[in-house]
Structure formats: C-alpha cells, structure tokens
Amino acid sequence: MECNDIKCPIHGKLKTHGYEFEGVVVSARAMKTAIVKREYSTFLHKYERSLRKTSRIPAYNPACIGAKQGDVVRIANTRRLSKTKSFVVTEILKRGQK
Ligand SMILES: [Zn+2]
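Residues numbered from 1 in each chain as written. Predicted model: local features only at pLDDT ≥ 70, side-chain atom pairs only at ≥ 80, totals over all residues.

1. Some details on the nonpolar core
Part 1: Core analysis: the largest hydrophobic core is formed by 14 residues, its most contacted members being Ala34, Ala59 and Val89.
Part 2: For this core, the elements supplying multiple residues, two or more each, are strand S1 (16-27), strand S2 (33-44), strand S3 (49-60), strand S4 (72-78) and strand S5 (87-94).
Part 3: Ranked by residue count, the leading element in this core is S5, at three residues.
Part 4: In this view, Ala34 contacts Val25, Ala28, Ala59, Asn61, Ala67, Val73 and Val89; residues no more than four positions away in its chain are not counted. (Core = buried A, V, L, I, M, F, W, Y, C linked by C-beta atoms within 7 Å. Buried ≥ 20, exposed ≤ 12 C-beta atoms within 10 Å, placed from the backbone. Helix = DSSP H or I, 4+ residues; strand = E, 2+ residues; numbered from the N terminus. Contact = placed C-beta atoms within 7 Å.)

Here it is in structure tokens:
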C-alpha cells in the first residue's frame, strides 16, 4: 500500500524524539488517532509503598500502521500534532484479538 502521509513516522517527515512508551490501544475510534493506555509504577514516600498508575495518551495513528483497539503498540514523542496529540504510533508489537 502506498503511503503519502506526511505525518507518517516511517514514510513521512515526522521525526520522533524523547520519550518512548509501550501501551495498549483502548480506543481507535477517532480519525487517525489511537488512545494508548500506559501502566507504570511510582513510589509514594509518605507511606513507603509503590503504586501502579495508568495514563491515557492520545497518539497519531497513520493509515499504514492502522492500530486497532486491543493492539499493543509503541508510541514515541514527537512535535505537537494537535491540541492533545504529541505522540505517534511507530510500531505494532502485538495484534489484539479480532
Ligand atoms: Zn506510512
């Protein structure tokens, strides 16, 4: 498939830098957007416990990658693409069911 997307990290001119995360796509309903859920743990000094936290990161989802709900993907920090998106899906690590 030909890819003409200028915002594609593989075929376009979009450069990535900084943070890279792995996460699960929880929603891919918005156009060319995937909401990626990331789990991480932090340490709370007051109670001396570590706790798991989640965050939802909206990421650009180019047509040639086409991540779907349930997929495990790698996302990378890039320039700000819209009001909420400053990440882009660079790779699908594992396809989800269906
Ligand atoms: Zn592409």
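2. A word on unusual backbone geometry
Part 1: Although it is not a glycine, Lys32 sits at a positive phi angle of roughly 50°.
Part 2: Within the element layout of this structure, Lys32 appears in the loop between S1 and S2.
Part 3: Note on Lys32: 18 C-beta atoms within 10 Å, which makes it partly exposed.
Part 4: Even without glycine at this site, Glu48 takes up a positive phi of about 55°.
Part 5: Summarising the element assignment, Glu48 is placed in the loop between S2 and S3.
Part 6: Look at Glu48 and you get exposed, because 7 C-beta atoms sit within 10 Å.

3. Overview of the sheet that holds S2
Part 1: Taken in spatial order, the five strands close into a barrel running S1-S2-S3-S5-S4, and their pairing is mixed. Strand after strand, the sheet turns through a mean of 45° between neighbouring axes, direction not considered.
Part 2: In this sheet, S4 lies alongside S1 in antiparallel orientation, the contact comprising six bridges. If you follow Gly23 over to S4, its bridge partner there is Val73. (Pairing = 2+ DSSP bridges. Axes fitted to C-alpha atoms, helices over the stretch in contact; angles between N-to-C directions.)

4. With respect to the pairing of S2
Part 1: Of the pairings in the sheet, the one linking S1 to S2 comprises three bridges and is antiparallel in character. Counterpart to Val25 in the pairing with S2 is Val36.
Part 2: Between S1 and the antiparallel strand that follows it, S2, lie five residues; Lys32 among them carries a positive phi value of about 50°.
Part 3: Bridge analysis of S2 against S3 gives twelve bridges, and the strand direction is antiparallel. Bridge pairing in S3 places Ser41 opposite Arg52.
Part 4: Where S2 folds back onto S3 in an antiparallel hairpin, the turn is made up of four residues, including Glu48, whose phi is positive at roughly 55°.

5. Concerning the pairing of S3
Part 1: Where S3 and S5 come together, two bridges link them in parallel fashion. Residue pairing for S5: Tyr60 is matched across the bridge by Val88.

6. Some details on the environment of Phe21
Part 1: With respect to the element layout, Phe21 can be found in strand S1.
Part 2: Owing to 17 C-beta atoms within 10 Å, Phe21 belongs among the partly exposed residues under this scheme.
Part 3: Distance from Phe21 to Val89, taken between C-alpha atoms, is 9.7 Å for residues 68 residues apart in sequence.
Part 4: The contacts of Phe21, once residues within four sequence positions are left out, are Arg38 and Ile75.

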